[in-house]
Amino acid sequence: MTSLSQKNLLNLANKVAANGDFPQAVQYLEEALRDGYSDTIVLNLCQMYIKNGQNYSAYELIKEEKDLFTDAQVFSLYSKVLQANNFLIEALEVKNITGYDLPDKIQPVPLKEQQQIMLNFKGKSKPTKFDYEQLFKLDLINFQNYAQSLLIDPSLNFASRIVLCEDLFRLGIKEKFKVLVLGQTEEFIPQKINLLEKEPIYREVVSGIGSRYYHKPSQLPAVLGEVNLILGSIYPKLSKYVDDPDSFASDIASYIENQDGRSNQKLFERIDHNISE
């Protein structure tokens, strides 16, 4: 629903945009969106961001839409946003996961720019979400090769390792990849794993933790944070380290509360050491 004040701001935005003043149009639409959610305002603001050269802002905004794949108008604009950002990798993920053909042709950036993106990412000790998503501008071969080099790099933080594995899964890659997990080289096939939070072992462990902290809800968020660190540190090889998810959840709870991880004590200590490095 679009309020009267939002409609007025939308009219003002369209008026100044017609005269080429896209920065002012963006300001009007951002003000309108602050007044409350409106799909009309969101779609118009995304388009205005692109006209104003704020392609990544358009991407962040459109990705918040719940009907990204089910609303034809939203999906069409999403395609244009991916095109404006040169996010070929995400476009390939969408095609693989949904089977939908994007209405726009998405191209990677030129090779020289791809090389600079990879170099820039390598130099980041704590890459941000923005830094990581610039990798979506690579072509598929460069993305796969670069992902492989990162996954066996001891300096890569585990959060980046998770999102890399998950993007390879979304791409449906069938080839074997090597990955460092707790300092050991492991192999996995992206197509055969799941997103971390969709992994059955992950879900069973989290369920077990939820049951144990049912009567201590105030402690649950902090404990779940620890659970995510532990399981994220051994992803995508959860099955190698977790035989019994319920028992594993019990050991995590004991480790957090008493520093006694029982049969998994050494594993938890390795994970703590690995995270602190």
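First, a word on scope: everything that follows refers to the structure included in this document.

Turning our attention to the pattern of salt bridges. Side chains carrying opposite charge are able to pair once their charged atoms draw close together. One pass over the full model with this rule turns up 13 salt bridges. Taken together, the shared-partner salt bridges in this structure form one network comprising Lys176, Lys178 and Glu187.

Enumeration over the complete set of coordinates arrives at 14 aromatic pairs. Centre to centre, the rings of Phe69 and Tyr78 are 6.0 Å apart; their planes meet at 75°, and the pair counts as edge-to-face. Classification of Phe69 as partly exposed rests on a relative accessible area of 36%. Classification of Tyr78 by relative accessible area gives buried; the value is 1%. Note on Tyr255 and Phe268: the rings are 5.1 Å apart at their centroids and 45° apart in plane angle, and the pair reads as tilted. Here the residue Tyr255 occupies a position in helix 14 (residues 245-258), and Phe268 occupies one in helix 15 (residues 265-276), the gap between them amounting to 13 residues. These aromatic residues form a ring-pair network of at least three members: Tyr56, Tyr59, Phe87, Phe121, Phe130, Tyr132, Phe136 and Tyr146.

A few words on the nonpolar core. In terms of nonpolar packing, the biggest core is built from 86 residues, with Ile62, Phe143, Leu151, Ile234 and Phe248 touching the most fellow members. Of all the elements, helix 3 (residues 39-51) adds the most residues to this core, at seven residues. Leave out the neighbours within four places in its chain, and Phe248 touches Val205, Ile230, Leu231, Tyr241, Val242, Asn264, Leu267 and Phe268.

With that settled, consider unusual backbone geometry. Look at the link from Tyr235 to Pro236: it is a cis peptide, with omega at 10°. By secondary structure assignment, the location of Pro236 is in the loop between helix 12 (220-234) and helix 13 (238-241). Within the chain, Asn86 stands out as a residue other than glycine whose phi angle is a positive 60°. Assessed through its relative accessible area of 23%, Asn86 is described here as partly exposed. Positive phi values are uncommon outside glycine, yet Leu182 reaches one of about 55°.

Attention now moves to the side chain of Asp167. Considering the arrangement of structural elements, one finds Asp167 in helix 10 (residues 158-171). With relative accessibility at 4%, the residue Asp167 sits in the buried group. Ignoring any residue separated from it by four or fewer positions in sequence, one finds Asp167 in contact with Glu93, Tyr132, Phe136 and Phe143.

What counts as what
- Residues numbered from 1 in each chain as written.
- Predicted model: local features only at pLDDT ≥ 70, side-chain atom pairs only at ≥ 80, totals over all residues.
- Heavy atoms only, no water.
- Salt bridge = Lys/Arg side-chain N within 4 Å of Asp/Glu carboxyl O.
- Phe/Tyr/Trp six-rings, centres within 6.5 Å; stacked < 30°, edge-to-face > 60°.
- Buried < 20%, exposed > 50% of the residue type's maximum accessible area, 1.4 Å probe, protein only.
- Helix = DSSP H or I, 4+ residues; strand = E, 2+ residues; numbered from the N terminus.
- Core = buried A, V, L, I, M, F, W, Y, C linked by side-chain atoms within 4.5 Å.
- Contact = heavy atoms within 4.5 Å.

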